[in-house]
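Here are the chains, one letter per residue:
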Amino acid sequence: MARKLFEIFIEGSGRYSLVCSVESASLAEFYCRTNSVDLILMDVCTAMNASGLDAAAVIKQKFPKIRIVIVTGQPEHDFIRRARNAGVESFWYKEGDPETILTVMDRTMSGESIYPDTVPTLKIGYALSEEFTPRELEILRELLSGDTDEVIAARMNLSVWTVRRHIQTMMSKTGFMTRTQLAVAASESGLVIRGI
Amino acid sequence: MNSLMELHQYVRAALLAGLLVLQLLEFCAMILEIVRQNKRKYIPVLALFFLINGTMLILLAAANKSIFLQVTIKPYLRRLLAMPSFGLYLFLIISFLYLIRIFRQERHYRRNSVSGHSVKESMDTLNAGLCFSAGNGRILLANHQMEALCHRITGCDLQDGEEFWRVLTAGTISGPVKKLTGGDHPTLLFPDGSVWSFVRRPMEAGGETVQQLYASDITELYDMTLRLQEENRQVADMNERLRQYDKNIAEMTRMKEQLAAKVRIHDEFGQALLAAHYCLAAEAVSGADVQRVLEAWKRNIAVLQQKTRPQEKKHLMKHLTDAAESVGIQVVLEGSVPEGENSEAILAAAAAEALTNAAIHAKAGILNIQLGQTEDEWTAVFSNNGIPPQGEITEGGGLGSLRKRLEKLGGRMEVCTEPAFSLRIAVPKKVEVNSFV
């Protein structure tokens, strides 16, 4: 849901009062410091390339009492793990109806931690997203950079042979003929996102 | 058996002719063997036959002379002429057979040995062009292909190897032939689409330096190279689109969500209409149902009100000034915001840190931002008019994380505490495209 829609639903619920609504997560900490905030609905991909997950991690460190619900429309597989590692209370995919977000907020405020059971399944070529191993997904994320295998291997502290092997395996699974096709499909599906 | 003297005149004439032919053939065979310098064992035999043949020729000629001219011949000649003609016949047969053998061997040798002609012939069957020239350019050997290439390139016959090479490497080629590369490995494109590559190297032959010029048809390789270049260009385009997509992920996500929201709003309006219609048409409706319908309409109206307000895309400074104004801080900006997603992102992070410091620690009323640039980097200096820091500043989560991000991009950060707090950052302009912050 768009941010404005969120604002309307939440304010209309009568259960919460909106302190502020910001486009970029880079200012989240500032608003937490200058306002009395109980709960944050934090998107992951925010304006000016600011990562909501990184901002959430900082806020949980400095303001442990503020509860955070990560909301995202991106099915990136690693967001849930990073949210848990950051200590975020809840995680919600935006596809549901507006009542769901209010329920998630209520349950989070009451002390529950709500996370999806699984990451949404995506189809990449002939393969499903759960067929990829965590390492393969890491390398797939790096493929989005368009860099050569040597550069990717250096960045990930792996051998070039290992990187190439994983890429070949993914191409076999998906049926794509080139790594670029694989990277484009992965990027467009939202399976992996780089830079957040 | 008749003696030589008793032979019929026609038989003698025939024998004489045969001996003459034999003499000639033996002479030719001897010359051949001598020239070939091979199988010298045949030469003595041939010489012997030649002598015997010559003797028989003289004897028969003497016999004819004595018979036709009634001349008295010497007694030893007469004794020789008295020998049976069988010997002569035998000699003739053996000589002919021997010569046939020699000439067959010669033919076999010529067919299976490499001579100058065979070298030329085999060169002319090559697809490649080949030319050997002396140091002064004189053509020693050239095949048809090279001669044809020279004609197509220069319009003239191949007569000077040095001049031809000069035209290939450094000279201009007029006409439809196009030079793709010059230098030591010239490559030419011909009007029929064929591409030829030329290579020259010196070699030693007979104590003399000979230049070998080799031309190969690389049309298929050239076409494959062009196709590969085109594919690489397409891949580079796709890579660039991928990078752009990645850079604009936030914006594209926002647009996707907006579209989904519009669809949802459309559906909700429909549902609200149906619900309202139900409430109005029903005889009895519970208060809770009416309340739900009213809330739905309130939401939809609020959404409509939002939609009628223009949604402007906020830039970095608008975000910052809105945030600063919320706590009563005025932002004073000098300079222009840098272009580029990575530069703007890091500047936003630094500005947020500076604003937080100005609001929480310095209790400032003004946040100054000075933006500048050099040839290689964007610079920003943040300062405020608030309370200066007391003592050294420990770089905690915010400043520490900002420093790491800057250093990852090849930038730098400096925090000054005297005379007042200031935060200085520098971001390289040519940031590695894939170094996301």
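Throughout what follows, the structure given in this document is the object of discussion.

1. Describing the overall build of chain B
Counting secondary structure elements, chain B contains 13 helices and 11 strands. Taking all 437 residues of chain B together, 37% fall into the buried category. Counting contacts in chain B only where the partners sit at least 6 residues apart, residues at least 24 apart contribute 55% of the total. As presented, chain B carries roughly 26000 Å² of accessible surface, and 58% of it is formed by carbon and sulfur atoms.

2. Section: the pattern of salt bridges
On inspection of all chains with the given rule, the structure shows 24 salt bridges over all chains. Arg152 of chain B is the partner of Asp192 of chain B in a salt bridge, and the nearest nitrogen-oxygen pair spans 3.1 Å. With Asp192 of chain B in the loop between strand 4 (187–189) and strand 5 (195–205) and Arg152 of chain B in helix 6 (residues 144–154), the pair connects residues that are 40 residues apart, well separated along the chain. A residue is classified by how much of its surface remains accessible, and Asp192 of chain B, at 54% relative accessible area, is exposed. In this structure Arg152 of chain B comes out as partly exposed when scored by relative accessible area, which is 38%. Between Asp322 of chain B and Lys318 of chain B there is a salt bridge, and its shortest N-O distance comes to 2.9 Å. With Asp322 of chain B and Lys318 of chain B both in helix 11 (residues 316–326), this residue pair falls 4 residues apart, about one helical turn. Judged by its relative accessible area of 34%, Lys318 of chain B is partly exposed. The structure contains a network of salt bridges with shared partners spanning Asp149, Glu150, Arg164 and Arg179 of chain A.

3. A look at the nonpolar core
Of all hydrophobic cores here, the largest spans 38 residues; its most connected members are Leu355, Leu367, Ile369, Phe382, Leu402, Leu423 and Ile425 of chain B. Looking at this core, the elements with two or more residues in it are helix 2 (28–34) of chain A together with helix 11, helix 12 (341–361), strand 8 (366–373), strand 9 (377–384), helix 13 (397–408) and strand 11 (422–428) of chain B. Among the elements that make up this core, the one with the highest residue count is helix 12 of chain B (11 residues). Leaving out residues up to four positions away in the same chain, Leu367 of chain B has contacts with Ile329, Gln330, Val331, Val332, Ala354, Leu355, Ala358, Ser383 and Asn384 of chain B. With 27 residues, the next largest nonpolar core counts Val37, Ala56, Val88 and Tyr115 of chain A among its residues.

4. Examining the pairing of strand 6 (residues 208–217) of chain B
Residue and element names in this part refer to chain B. When strand 1 (residues 129–133) meets strand 6, the two strands line up antiparallel, connected through 5 bridges. Bridged to Phe132 within strand 6 is Gln212. In the sheet, strand 5 pairs with strand 6 via 10 bridges, with the strands oriented antiparallel. The residue bridging Phe198 from the neighbouring strand is Ala215, located in strand 6. A loop of 2 residues connects strand 5 with strand 6, the two strands running antiparallel in sequence, and Gly206 in this loop sits at a positive phi of about 60°.

5. A short note on the sheet that holds strand 1 (residues 39–43) of chain A
Residues and elements named next belong to chain A. If you walk across this open sheet you meet the 3 strands as 1-2-3, and the pairing is parallel. Each edge of the open sheet carries a strand with a single partner, namely strand 1 and strand 3 (90–93). Each strand of the sheet is rotated relative to its neighbour by a mean of 25°, with strand direction disregarded. Here 4 bridges tie strand 2 (residues 67–72) to strand 3, and the two strands are oriented parallel to one another. Bridging from a neighbouring strand, Ile70 pairs with Phe91 of strand 3. Sitting on the sheet, helix 3 (residues 52–62) touches strand 1 and strand 2, and the angle it makes with strand 2 is about 175°.

6. Quick word on the sheet that holds strand 3 (residues 178–181) of chain B
Residue and element names in this part refer to chain B. Strand order in the open sheet formed by 6 strands is 2-1-6-5-4-3, with antiparallel pairing between adjacent strands. At either end of the open sheet lies a strand with only one pairing partner, and these are strand 2 (139–142) and strand 3. Neighbouring strand axes in the sheet, compared pairwise and without regard to direction, differ in orientation by 25° on average. This element, helix 5 (residues 116–124), spans strand 1 and strand 2 of the sheet and lies at about 60° to strand 2. Strand contacts of helix 7 (residues 161–169): strand 1, strand 2, strand 3, strand 4, strand 5 and strand 6, with the helix running at about 140° to strand 5, the strand carrying the most contacts.

Conventions we followed
- Residues numbered from 1 in each chain as written.
- Chains lettered and ligands numbered in written order.
- Predicted model: local features only at pLDDT ≥ 70, side-chain atom pairs only at ≥ 80, totals over all residues.
- Heavy atoms only, no water.
- Helix = DSSP H or I, 4+ residues; strand = E, 2+ residues; numbered from the N terminus.
- Buried < 20%, exposed > 50% of the residue type's maximum accessible area, 1.4 Å probe, protein only.
- Contact = heavy atoms within 4.5 Å.
- Areas by Shrake-Rupley, 256 points an atom, 1.4 Å probe, with all protein chains shown as cover.
- Salt bridge = Lys/Arg side-chain N within 4 Å of Asp/Glu carboxyl O.
- Core = buried A, V, L, I, M, F, W, Y, C linked by side-chain atoms within 4.5 Å.
- Pairing = 2+ DSSP bridges.
- Axes fitted to C-alpha atoms, helices over the stretch in contact; angles between N-to-C directions.

By themselves these figures say nothing about function.
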